[in-house]
2 protein chains.
Amino acid sequence: MEIIHSIKELQQKLDRNERAGRTVGLVPTMGFLHEGHLALAKQAKKQNDTVVMSIFVNPAQFGPEEDFESYPRDIDRDAKLAESAGVDYLFIPSVEEMYPTDGGIRILPGAQATALCGASRPGHFDGVLKVVLKLFNIVDPDRSYFGMKDAQQLAIIETFVRDFNLRTNIVRVPTVREEDGLAKSSRNVNLSETERQEAPAIRQALELGAELFAEGKPAGEIEEKVAAYITGNSTGRIDYVSLLSYPELTEYDPSSEEAILACAVHFEKTRLIDNIILK
Amino acid sequence: MEIIHSIKELQQKLDRNERAGRTVGLVPTMGFLHEGHLALAKQAKKQNDTVVMSIFVNPAQFGPEEDFESYPRDIDRDAKLAESAGVDYLFIPSVEEMYPTDGGIRILPGAQATALCGASRPGHFDGVLKVVLKLFNIVDPDRSYFGMKDAQQLAIIETFVRDFNLRTNIVRVPTVREEDGLAKSSRNVNLSETERQEAPAIRQALELGAELFAEGKPAGEIEEKVAAYITGNSTGRIDYVSLLSYPELTEYDPSSEEAILACAVHFEKTRLIDNIILK
């Protein structure tokens, strides 16, 4: 595995004419890798000749009050894990390398970004689309791998690819969980011991919601009971619990192909998200 | 030359693996070709193995009161001219082919779009960036050719390419003019006979401005005299006359590398633009 910090160097390695006939898979991450990221890389390795993983804690997708500074980082450990998962090029650009200039052009998501995390993280998905477009242009991947834990991000990126003919195929990868059901997240390390013990209540609540959905209960009742389960079984404060059509992220319509039951929960220093797809 | 209407078919022709080692030049146009467009195609032919010209009157870059419906079209004539200029693939998608879905994602230019035409054509450059990003993704051109007549468009596209690592090199091509100095434009056919005789005053005024600039006159005085020359020598109404730094399109700063003196003039049914770059 090669570690690369420069856009130009990475582009030389992946040059269109050099790679003819060879496929490239991209795994964009913010580092502090866990098994969720490694599942992305392993799937990319199965489906492509070359795997590029990026590690970039993207300031453009953090709000001024958010945890950009305290977002956990451990590049040495990440490099070992990435290599073990089959990554060929680990791309670790600096903020200056990614954003040397700013002519003020912004990519604004549509209505999909007003629901769920978009409501409490204004501008977050602008920053996501910005870095994703840059990474797609730098790497020119045949396939790009995103985890279902960030289901709203995935839905918005799929829309971007579809509407703007972006030259990559998006591959959805299922959320990887701890044994007790908590979704793997780089932010889990910021939970206190007690919070860590309580956090699986999120997954339990979503499973309860899935049962209620299967019984045909209305969205409002499901959201209420899921929220009540979480607050009844943890010290977490609810940011949102929402049942919506997926990937449109509009009010749940029983005629839509899929639905998502998603939530965000604040613990003292950590905001966790999780979701379950319902059919 | 092949005429292609389908995105998928064009992408198959230009497939990365098939074209290894061969370069592709893109000439995006709205059709009704004139010698300005042909100059773009000829330069593309000199510098690339394959030339793609697109003809697409892009509704996204016209305002509700603008001339989308009356914009001149003549595909048969365009096809002959394109072939004569060395175009290999003439890509003519329908509006439905280009915009089959709309998830509401928008690309908003920065401060560069508030000057000049941006002030009187709100949303125009959003539509330009949208179609340009789509065309770049569909064609994946090594080089893309834009005329200096649309100098603001060119400056904004150059910023987009720079800040988002778009995978193409932008080539600036000088404005082609009629013998009397009027910049070639598809819209010139909509001028009345009298207006057509008056229209070279625009170029004469810009040349007068360039002389005043060389004499060190201040921006305000130059703009005033250029406007007065146009209104004194034609029935045109001034939309703007502006001297700005280029490509920043901010207030003229003598320390900037280049400046632009640009104007837009309304005739009865036609709005014409022109500019001159000053150093």
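Rules of the game
- Residues numbered from 1 in each chain as written.
- Chains lettered and ligands numbered in written order.
- Predicted model: local features only at pLDDT ≥ 70, side-chain atom pairs only at ≥ 80, totals over all residues.
- Domains from an automatic or database assignment.
- Contact = placed C-beta atoms within 7 Å.
- Nonpolar A, V, L, I, M, F, W, Y, C, P; charged D, E, K, R; others polar.
- Pairing = 2+ DSSP bridges.
- Helix = DSSP H or I, 4+ residues; strand = E, 2+ residues; numbered from the N terminus.
- Axes fitted to C-alpha atoms, helices over the stretch in contact; angles between N-to-C directions.
- Least-squares fit on C-alpha atoms with pLDDT ≥ 70 in both.
- Buried ≥ 20, exposed ≤ 12 C-beta atoms within 10 Å, placed from the backbone.
- Right-handed = clockwise from strand over helix to strand, strands pointing away.

## Quick notes on the domain arrangement of chain A
Residue and element names in this part refer to chain A.
Here comes step 1: Here the domain parsing of chain A yields domain 1 (2–173) and domain 2 (186–278).
Here comes step 2: With centres defined by C-alpha atoms, the gap from domain 1 to domain 2 works out at 25 Å.
Here comes step 3: Taken together, the contact pairs 15 residues of domain 1 with 16 residues of domain 2.
Here comes step 4: Looking at the side of domain 1 that touches domain 2, its residues break down into 9 nonpolar, 4 polar and 2 charged.

## Section: the sheet that holds strand S2 (residues 24–29) of chain A
Within a sheet, neighbouring strands are paired by backbone hydrogen bonds and run either parallel or antiparallel to one another.
Residue and element names in this part refer to chain A.
Here comes step 1: An order of S1-S4-S3-S2-S6-S7 is seen for the 6 strands of this open sheet, with the pairing classed as parallel. In the strand order of this sheet, the two ends are held by strand S1 (2–4) and strand S7 (169–173), each with one partner. The mean angle between the axes of side-by-side strands here comes to 25°, regardless of whether they run parallel or antiparallel.
Here comes step 2: In this sheet, strand S4 (residues 89–91) lies alongside S1 in parallel orientation, the contact comprising 3 bridges. Within S4, the residue paired with Ile3 across the bridge is Leu90.

## Things to note about the relation of the copies chain A and chain B
Here comes step 1: Rotating chain A by 180° and translating it 0.0 Å along the rotation axis places it on chain B, where the RMSD comes to 0.0 Å. Interpreted geometrically, this transformation is the action of a two-fold axis. Closest to the rotation axis within chain A is the C-alpha of Ile107(A), separated from it by 2.2 Å.
Here comes step 2: A symmetric contact is evident, with 100% of the interface residues of chain A recurring at the interface of chain B.

## Regarding the pairing of strand S6 (residues 143–147) of chain A
Consecutive side chains of a regular strand alternate in pointing toward one face of the sheet and then the other.
All names here are of chain A.
Here comes step 1: Of all 5 residues that make up S6, 4 are buried, and the element is covered over most of its length.
Here comes step 2: Here S2 pairs with S6 via 2 bridges, running parallel. Paired with Gly25 across the strands is Arg143, a residue of S6.
Here comes step 3: The pairing of S6 with S7 spans 5 bridges and is classified as parallel. Bridge pairing in S7 links Gly147 to Val173.
Here comes step 4: For the crossover that starts at S6, traverses helix H7 (residues 151–164) and ends in the parallel S7, the hand is right-handed.

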